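Structure at a glance
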Amino acid sequence: MAGMIDAVESYAGQHALEIEIITPIAAGAPPSGPVSDEAFDYIISTICSSARNCDAILLDLHGAMVTKSHDDGEGFLLKRLRKENPNTPIGVGLDMHTNLCPDMVENATLIAGYQTYPHIDTFEVGKRVANALMKVLFEDLKPTMVWNNCPMLPHVMRQGTDDAPNKQLQNRVAELEEKDAILVTLFTGFPHADIYNAGLSVAVVTDNDQAKAEKIRDELLQLAWQEREAFVYQKQTLESSVLRTLQTANSDGTGPIILLDHYDNTASGGTMDTTEVLREILRQELEDVAAFGIYDPEAVQVMVAKGISTEIEIAIGGKLHMDALEVQSKPLLVKGYITHISDGHFTVTGPMGRGTHMNMGQTVILDTGRVQIIIISRHIEPFDLGCFTSLGIDPLKKQFLMLKSRIHYRATFLKIAKSIVECAGVGVCTSDYDQLEFKKVRRPIFPLDTLDSHSFSLAD
Ligand SMILES: [Zn+2]
């Protein structure tokens, strides 16, 4: 959104135009269950009533919104906007985890999504979308947009752009956009949303060149399809993963070893209160650990009432029921000293969302002697050092860090870590697809179904 505003203001300045920017609403939330109808109706009504008076519409959306009544929240909004504003250019910035649906493409003038994961190019994508829309409004750009998906659900843990295959795919996307098109996006999708069109898709915008747009789209879909096996996640047991961190601790290298509690990432819908990875860390007696974090506002209140330096035995986490799973987490009984109480506010200094304000809610550190457990009152994924430094913990000096994250932690922690160990705990973004029932996604789809190389043809 900041990138969009910046680009529009710059364009207005360069072309001596007077442009008024109206912001009807800016709203977001850590994902969880479907958005309530009440919240969705309020948000889209606010947008639609402002849009009627505008010459152009720029939307900074996510792209995988499921509401109580609509599997494609963004598509529903765009359809209504297009119906009420048939001739107004609409530009949309999206997340790489967009599950692209026909209503989104058919009712927007142009769309583009992030090309990095962790998402460190959000500002640039906003700028590119806004710049292209300014050219539709004031110059001769005639956007031609095509899209398609292919029957694959890339695993989120295999989507990071620091690694193959998505690194190479996104490099090719950037190259094609630079050379041959206005906007090119390869959306890796968000499998856990389980809607009909979940999964990998491509959208291409050219300047009035349908054939070129289709050629770029088909090349990218074929490249992604060829890499489908590399997008499959190989899981390990929790016990063996935590044991491996102890072995890694004696190897060469500096910096903390990260134990990644990736089944319970709040930005993928996790409750952030599952305790299984922390329990195993305590059971295997790892020392010099800082753990971020356990969401438990009730426990925080009890500890705040006790005050700093008090010794306490308390059950933390395991309180929120996860409807999608049979397996549930359990509260973890821990004993330690309350060593820090904070209001939980800090400003992001790392490359993802730099300058934005984070609010963990009232936050407490409970120190068991071996593990500093950070207990928070609002859901925050740890992708910035501020999660620790704002509480007086220097993550570089710890031997182990436990993080509830999947890929975004890499934005800052990858550079400082000695190694990363992915730990299979419990949580709604489980990497064990046997724990989930996919009801709505189109079938057959890889890797839920066996598909050979002939099972997908672009001609279909
Ligand atoms: Zn994303």
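Residues numbered from 1 in each chain as written. Predicted model: local features only at pLDDT ≥ 70, side-chain atom pairs only at ≥ 80, totals over all residues.

Some details on the sheet that holds strand β5 (residues 183-187)
- Read across the sheet, 3 strands follow the order β4-β6-β5 without closing on themselves; strand pairing throughout is antiparallel. Each having just a single partner strand, β4 (143-149) and β5 make up the two edges of the open sheet. Strand-to-strand twist of the sheet, defined as the mean angle between neighbouring strand axes without regard to direction, takes the value 10 degrees.
- Sheet topology note: the β4/strand β6 (residues 201-207) ladder contains 7 bridges and is antiparallel. Paired with Pro 143 across the two strands is Asp 207, which belongs to β6. (Pairing = 2+ DSSP bridges. Helix = DSSP H or I, 4+ residues; strand = E, 2+ residues; numbered from the N terminus. Axes fitted to C-alpha atoms, helices over the stretch in contact; angles between N-to-C directions.)

Overview of helix α8 (residues 238-249)
- Here α8 spans 17 Å end to end across 12 residues, near enough to the 16 Å set by a 1.5 Å rise per residue.
- If you check which residues of α8 are buried, you get Leu 238, Val 242 and Thr 245. For α8, the buried positions fall inside an angular range of 45 degrees around the axis, keeping them on one side. Facing away from the buried side of α8 by over 90 degrees, the exposed positions are Ser 240 and Gln 247.
- Packing partners of the buried residues in α8 comprise β7 (257-261), α9 (276-283), β15 (400-403) and β16 (419-423). (Expected span 1.5 Å × (residues − 1). Buried ≥ 20, exposed ≤ 12 C-beta atoms within 10 Å, placed from the backbone. Arc of directions from axis to C-beta. Contact = placed C-beta atoms within 7 Å.)

Some remarks on unusual backbone geometry
- Cis geometry marks the peptide bond from Tyr 117 to Pro 118, where omega comes out at 10 degrees.
- Relative to the helices and strands, Pro 118 is located in the loop between β3 (110-113) and α5 (122-138).
- Phe 292 connects to Gly 293 through a cis peptide bond whose omega is -15 degrees.
- Here Gly 293 lies in strand β8 (residues 289-295).
- In this structure, Asn 208 takes a positive phi of about 60 degrees despite not being glycine.
- Of note, Ser 309 is a non-glycine position whose phi angle comes to about 75 degrees, a positive value.
- Positionally, Ser 309 belongs in the loop between α10 (297-306) and β9 (311-316).

Here's the deal with the environment of Gln 170
- Of note, Gln 170 is situated in helix α6 (residues 166-180).
- Residues Gln 170 and Ala 417, spaced 247 residues apart in sequence, show a C-alpha to C-alpha distance of 24 Å.

Regarding the domain arrangement of the protein chain
- The domains assigned to the protein chain are domain 1 (2-231) and domain 2 (238-430).
- Of note, the centres of domain 1 and domain 2, computed from C-alpha atoms alone, are 32 Å apart.
- Tallying the contact residues gives 13 residues for domain 1 and 16 residues for domain 2.
- Class assignment for the residues of the side of domain 1 that touches domain 2 results in 7 nonpolar, 5 polar and 1 charged. (Domains from an automatic or database assignment. Nonpolar A, V, L, I, M, F, W, Y, C, P; charged D, E, K, R; others polar.)

Focus: the environment of Ala 230
- Here Ala 230 is to be found in the loop between α7 (210-226) and α8.
- Under the C-beta neighbour-count criterion, Ala 230 is labelled partly exposed, with 16 such atoms within 10 Å.
- Counting along the chain gives 72 residues from Ala 230 to Arg 158, while the straight-line C-alpha distance between them is 7.6 Å.
- Contacts of Ala 230, omitting those with residues within four sequence positions, involve Arg 158, Ala 164 and Pro 165.

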